[in-house]
Amino acid sequence: MDKILAKQIEGVVDTTSAQVIEGVKSFSDPLHVLNMQDRNFAGMRIDGLFIYWLRDFQQLDDVGNIRLGFDPRTGSFALQQFTKQWENLAL
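These numbers come from a predicted model, not from an experiment. (Residues numbered from 1 in each chain as written. Predicted model: local features only at pLDDT ≥ 70, side-chain atom pairs only at ≥ 80, totals over all residues. Heavy atoms only, no water.)

Caption draft 1: Broad picture of the side chain of Arg45. Structurally, Arg45 can be placed in strand 2 (residues 43-47). Residue classification places Arg45 among the buried residues on the basis of a relative accessible area of 14%. There is a polar contact of 3.0 Å between the side chain of Arg45 and the backbone oxygen of Phe57. Those residues in contact with Arg45, other than ones at most four positions away along the chain, are Pro30, Leu31, His32, Phe50, Ile51, Tyr52, Leu54, Phe57 and Leu60. (Helix = DSSP H or I, 4+ residues; strand = E, 2+ residues; numbered from the N terminus. Buried < 20%, exposed > 50% of the residue type's maximum accessible area, 1.4 Å probe, protein only. Polar contact = N/O pair within 3.5 Å; in protein donor to acceptor, adjacent residues only side chain to side chain. Contact = heavy atoms within 4.5 Å.)

Caption draft 2: Seen up close, the sheet that holds strand 4 (residues 66-71). The 6 strands are arranged 1-2-3-4-5-6 in an open sheet whose pairing can be described as antiparallel. Each edge of the open sheet is held by one strand with a lone partner, namely strand 1 (31-34) and strand 6 (86-88). Pairwise comparison of adjacent strand axes, ignoring direction, gives a mean angle of 25° for this sheet. Examined bridge by bridge, strand 1 and strand 2 share 4 bridges and lie antiparallel to one another. Considered in strand 2, the bridge of Val33 is made with Met44. (Pairing = 2+ DSSP bridges. Axes fitted to C-alpha atoms, helices over the stretch in contact; angles between N-to-C directions.)

Caption draft 3: Molecular detail of the packing of aromatic side chains. Counting across every chain of the model gives 3 aromatic pairs. Plain terms: the ring middles of Phe82 and Trp86 are 5.3 Å apart, the flat faces sit at 70° to each other, and that makes the pair edge-to-face. This pair shows no difference in class: Phe82 is buried, exactly as Trp86 is. Put simply, the rings of Phe50, Tyr52, Phe82 and Trp86 pair up and form one aromatic cluster. Across the ring face of Phe50, the terminal group of Arg67 is positioned such that the distance to the ring centre comes to 3.9 Å. (Phe/Tyr/Trp six-rings, centres within 6.5 Å; stacked < 30°, edge-to-face > 60°. Lys NZ or Arg CZ within 6 Å of the ring centre and 35° of its normal.)

Caption draft 4: Here's a closer look at the confidence of the model for the chain. Confidence in the prediction of the chain, expressed as mean pLDDT, is 82, and 82% of residues score 70 or more. Within the chain, the element-level pLDDT minimum falls on strand 1, averaging 82, and the maximum on strand 5 (residues 76-82), averaging 93. (pLDDT = per-residue confidence, 0-100.)

Caption draft 5: Geometry of the side chain of Asn65. Assignment of secondary structure puts Asn65 in the loop between strand 3 (50-54) and strand 4. Overall, Asn65 belongs to the buried group, its relative accessible area being 0%. Within polar-contact distance, the side chain of Asn65 engages the backbone oxygen of Gln59 at 3.0 Å. Not counting residues within four places of it along the chain, the set of residues in contact with Asn65 comprises Trp53, Leu54, Arg55, Gln59, Leu60, Gln80, Gln81, Phe82 and Trp86.

Below, the structure is given as C-alpha cells:
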C-alpha cells in the first residue's frame, strides 16, 4: 500500500497538542502568519532577512509597519519602523 502524504489530507495537523516536526523547511514565497488577536496588525510576514509585523500583507512599506532582522545597509541586526523610510528604533 502506498503511503499517503500528510499535506494531501485536510485537517491533518493537530492544533491542540504539542508537536515536533523534524527536518529543514524552505519556502519559495514569503511566509504569512495571520494575527487573530490584535486588530492593529494583519499578522507577520517572514521575507528575506526580515520578520515584518504588517497592517496589510500586500504593503511592506506602510506607515507604522515594524520589522526585525539583518539590515544590509549597516551590516547589523535592527528593529525598524516605517515612517517615510525604514528607521531604526532605539531599544
